[in-house]
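# Remarks on the overall topology
Here are the chains, one letter per residue:
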Amino acid sequence: MAKRVQLVLNQDISKLGRAGDLVEVAPGYARNYLLPRGLAVHTTPGILKQVERRREAERQRLLELKKEAEAQKAALEKASRLAISKQVGENEAIFGTVTNQDVADAIQSAVGIELDRRTIAVPEIHKLGAYKVEIKLHPEVTATVDIQVVPLK
């Protein structure tokens, strides 16, 4: 069996890796496909150092994003119950439903944090009352916010 060849990818290649990744491939695949098309380069000590620096910079960036998400979580959970006003019919049933955009707007006005509405998971809300809403701030950080649905005055 032939020895595998170590390369650094210049572009994202599906089922192989992302740009900057260090991969081991068959020598024929490297010689006949990846290298002639400029999709990868042979590894050298200098290139390995560059790859390591890139990985460290990416790790630091992801760590900063997680710290920022933790700070947002603390601010959101410190805020008291958010009030969302809706028009009410009989038996305290609201017209329509409370959407994740309604929650995002309430958070923006109360706390001053702008959130993407797609990160907010709102339960089915059809009546007045208190509810808990999950907000995914980061793949590892989720905040829970209390909302109060109140009648529109």
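Overview of the structure. (Residues numbered from 1 in each chain as written. Predicted model: local features only at pLDDT ≥ 70, side-chain atom pairs only at ≥ 80, totals over all residues. Heavy atoms only, no water.)

## Some remarks on the sheet that holds strand β1 (residues 5-9)
Strand order in the open sheet formed by 3 strands is β2-β1-β3, with antiparallel pairing between adjacent strands. The sheet is open, and its two edges are formed by β2 (22-25) and β3 (40-42), each paired on a single side. Ignoring strand direction, the axes of neighbouring strands in this sheet form an average angle of 45°. Looking at chain direction, β1 and β3 are connected through 3 bridges and run antiparallel. The residue bridging Leu9 from the neighbouring strand is Ala40, located in β3. (Pairing = 2+ DSSP bridges. Helix = DSSP H or I, 4+ residues; strand = E, 2+ residues; numbered from the N terminus. Axes fitted to C-alpha atoms, helices over the stretch in contact; angles between N-to-C directions.)

## Side note on helix α2 (residues 45-78)
Here α2 spans 50 Å end to end across 34 residues, near enough to the 50 Å set by a 1.5 Å rise per residue. Taken together, the buried positions of α2 are Val51, Ala69, Gln72 and Leu76. Lining the buried residues of α2 we find β1, α3 (100-110), β6 (129-138) and β7 (141-151). (Expected span 1.5 Å × (residues − 1). Buried < 20%, exposed > 50% of the residue type's maximum accessible area, 1.4 Å probe, protein only. Contact = heavy atoms within 4.5 Å.)

## Remarks on the pairing of strand β4 (residues 82-86)
Along β4, the buried face is formed by Leu82, Ile84 and Lys86; none of Ala83 and Ser85, which line the opposite face, is buried. The pairing of β4 with β7 spans 5 bridges and is classified as parallel. Looking across to β7, one finds that Leu82 is bridged to Ile147.

## Brief notes about the sheet that holds β6
With mixed pairing, 4 strands are arranged side by side in an open sheet as β4-β7-β6-β5. For this open sheet the edge positions go to β4 and β5 (120-121), each flanked by a neighbour on one side alone. Strand direction decides the pairing type here: β6 and β7, joined by 9 bridges, are antiparallel. Bridge assignment links Ala130 to a residue of β7, and that residue is Gln148. Along the sheet, α2 makes contact with β6 and β7, crossing β7 at roughly 30°.

## Quick look at α3
Taken residue by residue, α3 has Val103, Ala104, Ala106 and Ile107 as its buried positions. Each buried residue of α3 lies within a common arc of 160° when the element is viewed along its axis, so the set occupies one face. Here the buried face of α3 lies against α2, β4, β5, β6 and β7. Taken from the residues just after α3, Gly112 is the one with a positive phi, measuring 90°. (Arc of directions from axis to C-beta.)

## Notes on the nonpolar core
Here is a general trend for soluble globular proteins: nonpolar side chains tend to be buried in one another's company. By size, the foremost hydrophobic cluster in this structure holds 23 residues, and its most contacted members are Leu76, Val98, Val103, Ile107, Ile135, Leu137 and Ile147. Elements with a contribution of two residues or more to this core: α2, β4, α3, β6 and β7. Broken down by element, this core gets its largest block of residues, 5 residues, from β7. In contact with Ile107, other than residues within four places in its own chain, are Leu76, Leu82, Gly112, Ile113, Leu115 and Ile135. Membership of the second largest hydrophobic core comes to 10 residues, among which are Val5, Ile13, Ala30 and Ala40. (Core = buried A, V, L, I, M, F, W, Y, C linked by side-chain atoms within 4.5 Å.)

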